[in-house]
Amino acid sequence: VLARQVARVGPVFARGGRQDVFEFLGCLLDRARSQELLAGRFGTWGHVQLDRPAATHVDRLFGFAREVRRRCETCRRVRSWFSSESVLQVRPADLAGGPMTVAEMYLDSCSQQAVPEEVVCDRCCRPTPHVEQSRICSSPNVLVVQVRRDPQGLGQGGWRPRLCQL
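Residues numbered from 1 in each chain as written. Predicted model: local features only at pLDDT ≥ 70, side-chain atom pairs only at ≥ 80, totals over all residues. Heavy atoms only, no water.

### Concerning the overall build of the chain
The number of helices and strands found in the chain is three helices and 12 strands. A buried classification covers 34% of the 166 residues belonging to the chain. Accessible area for the chain stands at about 10700 Å²; split by element, carbon and sulfur atoms hold 53% of it. (Helix = DSSP H or I, 4+ residues; strand = E, 2+ residues; numbered from the N terminus. Buried < 20%, exposed > 50% of the residue type's maximum accessible area, 1.4 Å probe, protein only. Areas by Shrake-Rupley, 256 points an atom, 1.4 Å probe, with all protein chains shown as cover.)

Put into structure tokens, the structure is as follows:
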């Protein structure tokens, strides 16, 4: 049934052919969320970066809040914010004992990492190097995990922006 209706998820899927499953899932969840917002089926969800401070059934099933902390390496000022996500994106790595488990990949994603480009610090008033750390603050009912297979993010399995338009 769903295969005959994929064009309703987004125009990019109307052409048929091979599609990225996470791109499709993201568009499907966005579409379902927007329909619930239009129908008035939502509650408030404050202090989380969303297009609207509302939680739908889609958010309750698949959504989780992610806290991100970013620290300026020059003045040591820390900023933090919360965002709503529906897919946990992790990277595998080989360890001495074998491949990482999903739990190990999640813990690795929580570790402190350098921000690739300099960020303008509001205290220093100039671009400075920053480090970032994140964690999941709320547990979804259904956790969707995307394991990034391409370490450079350039080919199949890498992160790609969503192409859907609602």
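Resuming the write-up.
### Some details on unusual backbone geometry
As a rule of thumb, non-glycine residues mostly have phi less than zero, and peptide bonds are mostly trans rather than cis. For Arg76, which is not glycine, the phi dihedral falls at a positive 70°. Within the element layout of this structure, Arg76 appears in the loop between β3 (64–72) and β4 (78–85). Residue Cys125 is not a glycine yet carries a positive backbone phi of 60°. Mapped onto the fold, Cys125 is located in the loop between β9 (119–121) and β10 (126–128).

### Comments concerning the confidence of the model for the chain
This prediction gives the chain a mean pLDDT of 82; 81% of its residues lie at or above 70. Residue range residues 153–166 is modelled with pLDDT below 50. Its contacts to residues more than four positions away, or to other chains, number 32 contacts. (pLDDT = per-residue confidence, 0-100. Contact = heavy atoms within 4.5 Å.)

### Side note on the sheet that holds β3
Read across the sheet, four strands follow the order β4-β3-β11-β8 without closing on themselves; strand pairing throughout is antiparallel. At either margin of the open sheet sits one strand with a lone partner, and together these are β4 and β8 (113–114). As paired strands, β3 and β4 are joined by eight bridges and run antiparallel to one another. Its bridge partner lying in β4, Ala65 is registered against Ser84. (Pairing = 2+ DSSP bridges.)

### Comments concerning the pairing of strand β11 (residues 130–136)
Taken together, the seven bridges between β3 and β11 define a ladder with antiparallel strand orientation. Bridge pairing in β11 places Val68 opposite Ser134. Direction of pairing for β8 relative to β11: antiparallel, over a ladder of two bridges. If you follow Ala114 over to β11, its bridge partner there is Val131.

### Overview of the pattern of salt bridges
In the structure shown here, the tally under the stated rule is eight salt bridges. In this structure, the salt-bridge partner of Arg69 is Glu67, at a minimum N-O distance of 3.1 Å. A cluster of three or more residues bridged by salt bridges with shared partners is formed by Glu67, Arg69 and Arg135. (Salt bridge = Lys/Arg side-chain N within 4 Å of Asp/Glu carboxyl O.)

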